[in-house]
Amino acid sequence: MQVIEKPSILGVIQAEGVELKQRGRLWWGLCSFHSEKTPSFCVDPEKQSFKCYGCGKYGDAIDFVQHYKNLSFKDTLVYLGISSNGQAKTNPPETRRRELIEKFKEWCCNYTKYLCERLRVCNQIDSLVKTSDDLELKGLSEIYLLRDVCQYHLSILNGKDDKTKFELYKEVYYGKRI
């Protein structure tokens, strides 16, 4: 019997766009296989397995992709970049797509931290501003007025619409950063 080296289940599931949040050593999210409002989909990175306590689906990374993409076992191996002899092979478009997704997620995380720091500074300034004349200090009004923009960008990053997040990314990354 041949052992197949599988990709990380956490990476595979997140690359397919399933939002997961860590609670202890497990990751939880909404199941992609049925409609639900409360997370019942659990991923265990140590055991390299998933289980939905709502619909009962369970398995490893290969099972997840088979169910999620409705692929045969052989097509799933190709999709994941695993050859039939058990050796990992590269699937350049899929590898590139996963790399870009990871970079985008990293940008979202870093930009969220940046915005939170800006809001912290705005709140400190707000506590110091007593009159409209105080806003005339050099540069103070510009920083203070960024609060609404920061809050708006944070609301986008905290939302579930990845398309809107990506539009924000393009605007900030290729446009003028606040």
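Residues numbered from 1 in each chain as written. Predicted model: local features only at pLDDT ≥ 70, side-chain atom pairs only at ≥ 80, totals over all residues. Heavy atoms only, no water.

Some words on the packing of helix H6 (residues 147–157) against helix H7 (residues 162–174)
The interhelical angle for the contact between H6 and H7, taken along N-to-C directions, is 135°, at an axis separation of 8 Å. Judged on the interaxial angle alone, H7 and H6 are oblique. From H6, His153, Ile156 and Leu157 reach across to H7, where they touch Thr164, Lys165, Leu168, Glu171 and Val172. Residues that form the contact of H6 with H7 fall into these classes: four nonpolar, two polar and two charged. (Axes fitted to C-alpha atoms, helices over the stretch in contact; angles between N-to-C directions. Helix = DSSP H or I, 4+ residues; strand = E, 2+ residues; numbered from the N terminus. Parallel < 35°, antiparallel > 145°, perpendicular 65-115°, else oblique. Contact = heavy atoms within 4.5 Å. Nonpolar A, V, L, I, M, F, W, Y, C, P; charged D, E, K, R; others polar.)

Thoughts on the packing of aromatic side chains
As enumerated under the stated definition, the model contains 15 aromatic pairs in all. Where Phe50 meets Phe64, the ring centres are 5.7 Å apart and the plane angle is 85°; that geometry is what we call edge-to-face. Of this pair, Phe50 sits in strand S4 (residues 49–52) while Phe64 is found in helix H2 (residues 61–69), placing the two residues 14 residues apart along the sequence. Members of the aromatic cluster, connected to one another through ring pairs, are Phe104, Trp107, Tyr111, Tyr114, Phe166 and Tyr169. Sitting over the ring of Tyr53, Lys51 keeps its end group 5.3 Å from the ring centre. One Lys or Arg, Lys57, reaches over the ring of Phe33 and ends 5.7 Å from the middle of that ring. (Phe/Tyr/Trp six-rings, centres within 6.5 Å; stacked < 30°, edge-to-face > 60°. Lys NZ or Arg CZ within 6 Å of the ring centre and 35° of its normal.)

Section: the pattern of salt bridges
As enumerated under the stated definition, the model contains six salt bridges in all. The residue Glu117 makes a salt bridge to Arg120 at a minimum N-O spacing of 2.4 Å. In this pair, Glu117 and Arg120 are both assigned in helix H4 (residues 92–128), three residues apart and thus about one turn of the helix distant. Classification of Glu117 as partly exposed rests on a relative accessible area of 37%. (Salt bridge = Lys/Arg side-chain N within 4 Å of Asp/Glu carboxyl O. Buried < 20%, exposed > 50% of the residue type's maximum accessible area, 1.4 Å probe, protein only.)

Structural notes on the pairing of S4
Burial along S4 is one-sided: Phe50 and Cys52 are buried, and none of Ser49 and Lys51, which face the opposite way, are. Two strands pair when backbone bridges link them, and strand S3 (residues 41–44) and S4 are joined in this way by four bridges, in the antiparallel orientation. Across the sheet, Cys42 pairs through a bridge with Lys51, a residue of S4. Pairing of S4 with strand S5 (residues 58–59), which is carried by two bridges, proceeds in the antiparallel orientation. (Pairing = 2+ DSSP bridges.)

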